[in-house]
Amino acid sequence: MKILVINSGSSSIKYKLFDMEKNQTDASGLMERIGEKKGLLTHKIRNKKGDRSVNVIKCTVSNHKEGLEFIANLLADSKNGVIRNKSEITAVGHRVVHGGETFQKTTVINDKVIEAINKNTPLAPLHNPPNLAGIDVAKIIFPKSIQVAVFDTAFHHSMPEKAYIYALPYELYEKKRVRRYGFHGTSHAYISDAAAKYMGGSPENFSLITIHLGNGASMAAVKNGKSIDTTMGMTPLEGLVMGSRSGDIDPAIPFYLADYLGMSFAEIDVLLNKKSGLKGICGSNDMREVIEKKNNHNSKATLALDIYTYRIKKYIGAYFAAMGSLDAVVFTAGIGENSADVRELSCHGLKALGIELDSHKNSMSFDNIMEISTKNSPVKILVVPTNEELKIAMETMEMICTGYYKTQT
Ligand code: ADP
C-alpha cells in the first residue's frame, strides 16, 4: 500500500511517499517558494536498485495546486518515477496543525471535516488555511485516494482539565474554547512509542518526558502512553524558549509594551513570535550558529543557551512532579537529536531526580535510538530521531485497515 504524506505550509509543500508493505520511503521532498518566481523543489527518490538520488529542480508554480501537480507528475514520471500512476496511491495523509476540541483523533476527510477544520482557523490562522489548501488540491489531483487528516493537537486530548484549563473566567473556555491544546503531538506520540519499544515494553508501562526541540519546541509529560501535560498552549507560543518565539513570559508584558512603548497588537505579535527566543537574545535563531558564537566566547549566545536549557530543566522538574514517577527523558528533533551541548546543559545538576547523563555517550554521533544516561542512572536519557511523516502514514494506514473510513465517509 502506498501512502503519500503531505505537510502543506503557506508557501511550501513537504511530502513523503511510503510503501507500507516494504516498510520503505520511495520518495520525499520539499517544494519551497510557491507563488514566487524562484521556486525550488528538492526531490529525493529511491530508485529501482534501492539507491537514493537527490534532484534540486527550479520550478515556478503560482499556487499549491500547480505545486502538487508538479510533484505528482514527478512521482509518476515514466522514466524516473516511483509509481506507475496516481491511482496507485491508496491514501493521502495530511498534517493538520489545529484540530481544536473537534478532533481528538485521526479522521477521514469529508466535507463536514473540512468545514470543522475551517472553523478552527481562528485558533491557528497561520497554519490551518495552508493545511486546508493542501487538502483541497490533493482531492483534485488524487481523486481516487482516501484523504485522511492527522492533527498535531490530537495526542494531547488526554490531558486532564487541571492541565488544560487556564485560570481565566471559565466562560471563556465554555463559550470560546480558550484552553491549552498543545502541539507536536505526532512527534511526542511517535517518540513515546519508540522509546517504550526500546525499553522493552509498551507506552502504557512507562512515565516519559518527551522533549521536541526543533525551530518550534515543546515538551510533554507522557504517563502510561497518554499526554497528561504539555508546554505549548492554546497557540504554539507558550512554553519553552524557541528559535524566534519567547515561550513563557509574564502575560502583562504585552500591556506594558502597548501602554508605554505604543506598540500595536500586530507589532507585539511579531515581536513575540518572530523576534524573540534565541534570536531576540543573541541575534541567531539557528542553534548551530548560537553554539558556534558561544564557542567563540560571545556572552549573549552563552546567555541564550543558558536561558534555553534552564527552561527545559525547569519543565523536567515540573513534569516529574506532575507524573510522580519517571522512567526516561527523551530528546528529539533537529536540536534534540544533534546538540550534545543542549542535552548536557538541560540535564546538568539533575542527579537528585535520578537523571545522570554520560558525557562520553552524549558526545558520540549516531543515527538511531541512543541511550546517553550513565549505566546506573535510575532514569534513562534517550535520543530518539522523530519521524512525524511515518507516524502520519501509520495512522492513515490504520484508518484504512480497520475499515473505519467506510463508516465515516
Ligand atoms: P523544524 O521545527 O523546522 O522541523 P528541525 O527539527 O529541523 O526544525 O530543527 C531545526 C533546528 O535544529 C535548528 O535550530 C538547527 O540549528 C538545529 N540543528 C540542526 N542540526 C544541528 C546540529 N548539528 N547541532 C545543533 N543544532 C542543530
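See the structure printed just above.
Here goes a summary of the coordinates provided. Predicted, not measured: the structure shown is a model, and the values here were computed from it.

A word on a nonpolar patch on the surface
(1) Moving on: Residues Tyr256, Tyr260 and Leu261 make up a contiguous nonpolar surface patch of about 400 Å² in total accessible area.
(2) Moving on: With respect to the helices and strands, Tyr260 occurs in helix 7 (residues 253-261).

Regarding the sheet that holds strand 7 (residues 107-108)
Within a beta sheet, neighbouring strands are joined by backbone hydrogen bonds and run either parallel or antiparallel to one another.
(1) Moving on: One open sheet accounts for eight strands, arranged 5-4-3-2-1-6-8-7; its pairing is mixed. Looking at which strands have only one partner, the edges of the open sheet turn out to be strand 5 (52-58) and strand 7.
(2) Moving on: Pairing of strand 1 (residues 2-8) with strand 2 (residues 13-19) involves seven bridges; the strand directions are antiparallel. The partner of Ile3 across the bridge, within strand 2, is Phe18.

A closer look at the pairing of strand 1
(1) Moving on: Of all seven residues that make up strand 1, six are buried, and the element is covered over most of its length.
(2) Moving on: Here strand 1 pairs with strand 6 (residues 89-96) via five bridges, running parallel. By the bridge assignment for strand 6, Val5 is matched with Gly93.
(3) Moving on: Connecting strand 1 to the antiparallel partner strand 2 that follows it, the hairpin turn spans four residues.

Describing the environment of Ile57
(1) Moving on: In this fold, Ile57 is placed in strand 5.
(2) Moving on: For the pair Ile57 and Ile117, spaced 60 residues apart in sequence, the C-alpha to C-alpha distance is 33 Å.
(3) Moving on: The contact partners of Ile57, leaving out residues within four places of it in the chain, are Gly39, Leu40, Leu41, His43, Phe70 and Leu74.

Structural notes on the pattern of salt bridges
Note on pairing: side chains with opposite charge can pair once their charged atoms come close.
(1) Moving on: Across all of its chains, the model carries 17 salt bridges by this definition.
(2) Moving on: Lys139 serves as the salt-bridge partner of Asp111, at 3.8 Å between the closest nitrogen and oxygen. Taken together, the residues Asp111 in helix 2 (residues 111-119) and Lys139 in helix 3 (residues 128-141) connect sequence positions 28 residues apart.
(3) Moving on: Taking the relative accessible area as the measure of exposure, Asp111 reaches 58% and is therefore exposed.
(4) Moving on: By relative accessible area, Lys139 is classed as partly exposed at 34%.

Side note on helix 11 (residues 299-323)
(1) Moving on: The end-to-end C-alpha distance of helix 11, which contains 25 residues, comes to 36 Å, matching closely the 36 Å that a straight helix rising 1.5 Å per residue would cover.
(2) Moving on: Buried within helix 11 are the following residues: Ala301, Ala304, Leu305, Tyr308, Thr309, Arg311, Ile312, Tyr315, Ile316, Tyr319, Phe320 and Met323.
(3) Moving on: Here helix 11 starts with a cap whose side-chain oxygen sits 2.9 Å from the backbone nitrogen of Lys300, and that cap is Asn298.
(4) Moving on: Directly beyond the C-terminal end of helix 11, a positive phi value near 80° is found at Gly324.

Regarding the side chain of His184
(1) Moving on: In this fold, His184 is placed in the loop between helix 5 (170-176) and helix 6 (185-198).
(2) Moving on: Not counting residues up to four positions away in its chain, the partners in contact with His184 are Asp152, His156, His212, Gly216, Ala217, Ser218 and Met232.

Looking at the layout of surface pockets
(1) Moving on: Looking at the second largest pocket, its volume works out to about 650 Å³.
(2) Moving on: Forming the walls of the second largest pocket are 26 residues, and the residues nearest its centre are Gln104, Lys105, Thr106, Lys391 and Glu395.
(3) Moving on: Broken down by secondary-structure element, the contributors of at least two residues to the lining of the second largest pocket are strand 8 (146-151), helix 6 and helix 15 (388-401).
(4) Moving on: In terms of residue class, the lining of the second largest pocket is built from nine nonpolar, ten polar and seven charged.

Some remarks on the packing of aromatic side chains
Each aromatic ring pair is summarised here by two numbers: the centre-to-centre distance and the angle between the ring planes.
(1) Moving on: The final tally for this structure, using the stated rule, is five aromatic pairs.
(2) Moving on: Relative to Phe151, the ring of Phe103 has its centre 4.5 Å away and its plane inclined at 5°; by these criteria the two rings are stacked. Pair noted here: Phe103 is in the loop between strand 6 and strand 7 and Phe151 is in strand 8, with a separation of 48 residues, a long-range link. We note that Phe103, like Phe151, is buried.
(3) Moving on: Grouped by ring-pair contacts, the aromatic residues Tyr164, Tyr170 and Tyr173 constitute a single cluster.
(4) Moving on: Taking the ring centre of Tyr173 as reference, the NZ or CZ of Arg177 above it sits at 4.8 Å.
(5) Moving on: The residue whose ring lies beneath Arg179 is Tyr181, and the NZ or CZ to ring-centre distance is 4.8 Å.

Structural notes on the site of the ligand
(1) Moving on: Taken together, Gly214, Asn215, Gly216, Asn285, Asp286, Met287, Arg288, Ala333, Gly334, Ile335, Asn338 and Ser339 form the complete shell of residues around the ligand.
(2) Moving on: Bound to the protein, the ligand loses 68% of the 580 Å² it would expose on its own.
(3) Moving on: Elements supplying a minimum of two residues to the shell around the ligand: helix 10 (287-295) and helix 12 (333-338).
(4) Moving on: In terms of residues, the shell around the ligand owes the most to one element, helix 12, which gives four residues.
(5) Moving on: For the shell around the ligand, the per-class residue count stands at three nonpolar, seven polar and two charged.

With respect to the pairing of strand 10 (residues 217-223)
(1) Moving on: Of all seven residues making up strand 10, six are buried, and the element is well covered by its neighbours.
(2) Moving on: As judged from the seven bridges shared by strand 9 (residues 207-213) and strand 10, these two strands associate in the antiparallel manner. Of the residues in strand 10, the one forming a bridge with Thr210 is Ala220.
(3) Moving on: The hairpin turn running from strand 9 into strand 10, its antiparallel successor, is three residues long.
(4) Moving on: Linkage of strand 10 to strand 11 (residues 226-230), two consecutive antiparallel strands, is achieved through a turn of two residues, within which Asn224 is found at a positive phi near 50°.

What about the sheet that holds strand 9?
(1) Moving on: In spatial order, the strands read 11-10-9-12-14-13; together these six strands make up an open sheet with mixed pairing. Two strands close off the open sheet at either side, each with one partner strand: strand 11 and strand 13 (370-371).
(2) Moving on: Contacting strand 9, strand 10, strand 12 (328-332), strand 13 and strand 14 (380-383), helix 6 runs over the sheet at an angle of about 130° to strand 9.

The rules behind these values
- Every chain is numbered on its own, with residues counted from 1 as its sequence reads.
- The model is predicted, so local features are restricted to residues of pLDDT at least 70 and side-chain atom pairs to those at 80 or more, both for listing and for counting; the totals for chains, interfaces and linings are taken over all residues.
- Side-chain descriptors were evaluated using all non-hydrogen atoms of the structure, hydrogens and water having been removed beforehand.
- Nonpolar side chains (Val, Leu, Ile, Met, Phe, Trp, Tyr) within 5 Å and like charges within 9 Å form the patches, drawn only from residues with over 30% relative accessible area and no salt bridge.
- To be clear on the numbers: accessible area is Shrake-Rupley with a 1.4 Å probe, and residue cover counts the displayed protein chains and nothing else.
- In the sections that follow, a salt bridge refers to a side-chain nitrogen of Lys or Arg positioned within 4 Å of a carboxyl oxygen of Asp or Glu.
- In this description a helix means any DSSP run of H or I spanning at least four residues, a strand means any run of E spanning at least two, and both kinds are numbered starting from the N terminus.
- Each pair of strands is called paired provided DSSP finds at least two bridges between the two strands.
- Buried, partly exposed and exposed residues are distinguished by accessible area as a fraction of the type maximum, computed with a 1.4 Å probe on protein chains only: under 20%, between the cut-offs, and over 50%, respectively.
- Residues are treated as being in contact if the distance between any of their heavy atoms lies within 4.5 Å.
- An expected span of 1.5 Å times one less than the residue number is assigned to each helix.
- In the analysis that follows, any N or O atom pair within 3.5 Å is treated as a polar contact, provided that within protein one partner can donate a hydrogen and the other can accept it, and provided that, for residues neighboring in sequence, both atoms belong to side chains.
- Only protein atoms enter the 1 Å grid, on which a cavity is a set of points fitting a 1.4 Å probe that cannot get out and a pocket is an open set with protein on both sides within 12 Å along at least 5 of 7 lines, lining residues being those with an atom within 4 Å of a point.
- Grid points are joined across faces, edges and corners, and a volume is the space filled by probe spheres set on the points.
- Nonpolar residues are Ala, Val, Leu, Ile, Met, Phe, Trp, Tyr, Cys and Pro. Charged residues are Asp, Glu, Lys and Arg, and all others, Gly as well, are polar.
- Pairing of aromatic rings covers Phe, Tyr and Trp, the last counted by its six-membered ring, and requires centre-to-centre distances within 6.5 Å; plane angles under 30 degrees mean stacked, over 60 mean edge-to-face, and any other angle means tilted.
- Two conditions define a charge located above a ring, namely a distance within 6 Å from the ring centre to NZ of Lys or CZ of Arg, and an angle within 35 degrees of the ring normal.
- Any residue with a heavy atom positioned within 4 Å of a molecule or strand is treated as near that molecule or strand.
- Every axis in this analysis is a line fitted to C-alpha atoms, fitted for helices over the stretch in contact. Angles between the N-to-C directions lie between 0 and 180 degrees.

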